[in-house]
Amino acid sequence: VQFFQQHQVIFAGTLRGAGDTRSVAISNTVGIGIIRPVSAIVAVFVFENLILLWTLIIFDMLFRYIFLRHRFRLERWKAIKV
């Protein structure tokens, strides 16, 4: 889990520094604003399973890592004027 978490922090910081704040905001909105609350509701209230909750939070970190890595590799951030 730490691998995905730390790398998504690195990609997010790099993209923010290069001026691509929109993609970082989108990844955080989807991950923290949608995936985590839905995961909490499903895991705790529907299945009453905290292990499932931690598993779904790992999915959130994995989503943000893949999304930000993809945005970084597209190299569109190089054309942004800061």
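Refer to the preceding data block for the structure.
Residues numbered from 1 in each chain as written. Predicted model: local features only at pLDDT ≥ 70, side-chain atom pairs only at ≥ 80, totals over all residues. Heavy atoms only, no water.

A. Expanded view of the nonpolar core. Counting eight residues, the largest nonpolar core is built from Phe11, Ala12, Leu15, Ala18, Val24, Tyr65, Leu68 and Trp77. Among the secondary structure elements, those contributing two or more residues to this core are helix 1 (2-17) and helix 3 (50-74). Beyond its immediate chain neighbours, meaning those up to four positions away, valine 24 contacts Ala12, Leu15, Arg16 and Leu68. (Core = buried A, V, L, I, M, F, W, Y, C linked by side-chain atoms within 4.5 Å. Buried < 20%, exposed > 50% of the residue type's maximum accessible area, 1.4 Å probe, protein only. Helix = DSSP H or I, 4+ residues; strand = E, 2+ residues; numbered from the N terminus. Contact = heavy atoms within 4.5 Å.)

B. Representation of the packing of aromatic side chains in the model. Enumeration according to the criterion identifies seven aromatic pairs in this entry. Here phenylalanine 72 and tryptophan 77 contribute two aromatic rings whose centre-to-centre distance is 5.2 Å and whose plane-to-plane angle is 15°, an arrangement assigned as stacked. Given a relative accessible area of 26%, phenylalanine 72 falls into the partly exposed group. Given a relative accessible area of 18%, tryptophan 77 falls into the buried group. Here the aromatic cluster, defined as three or more aromatic residues joined through ring pairs, consists of Phe3, Phe4, Phe11, Tyr65, Phe72 and Trp77. (Phe/Tyr/Trp six-rings, centres within 6.5 Å; stacked < 30°, edge-to-face > 60°.)

C. Broad picture of the pattern of salt bridges. One pass over the full model with this rule turns up four salt bridges. Put simply, aspartate 20 and arginine 71 hold a salt bridge, and the shortest N to O gap is 3.1 Å. A residue pair is termed long-range when its members are at least 10 positions apart, and aspartate 20 in the loop between helix 1 and helix 2 (21-46) and arginine 71 in helix 3 qualify at 51 residues. Judged by relative accessible area, which is 5%, aspartate 20 ranks as buried. Put simply, aspartate 60 and arginine 36 hold a salt bridge, and the shortest N to O gap is 2.5 Å. On the criterion of sequence distance, the pair formed by aspartate 60 in helix 3 and arginine 36 in helix 2 is long-range, its members being 24 residues apart. A relative accessible area of 0% means that aspartate 60 is categorised as buried. (Salt bridge = Lys/Arg side-chain N within 4 Å of Asp/Glu carboxyl O.)

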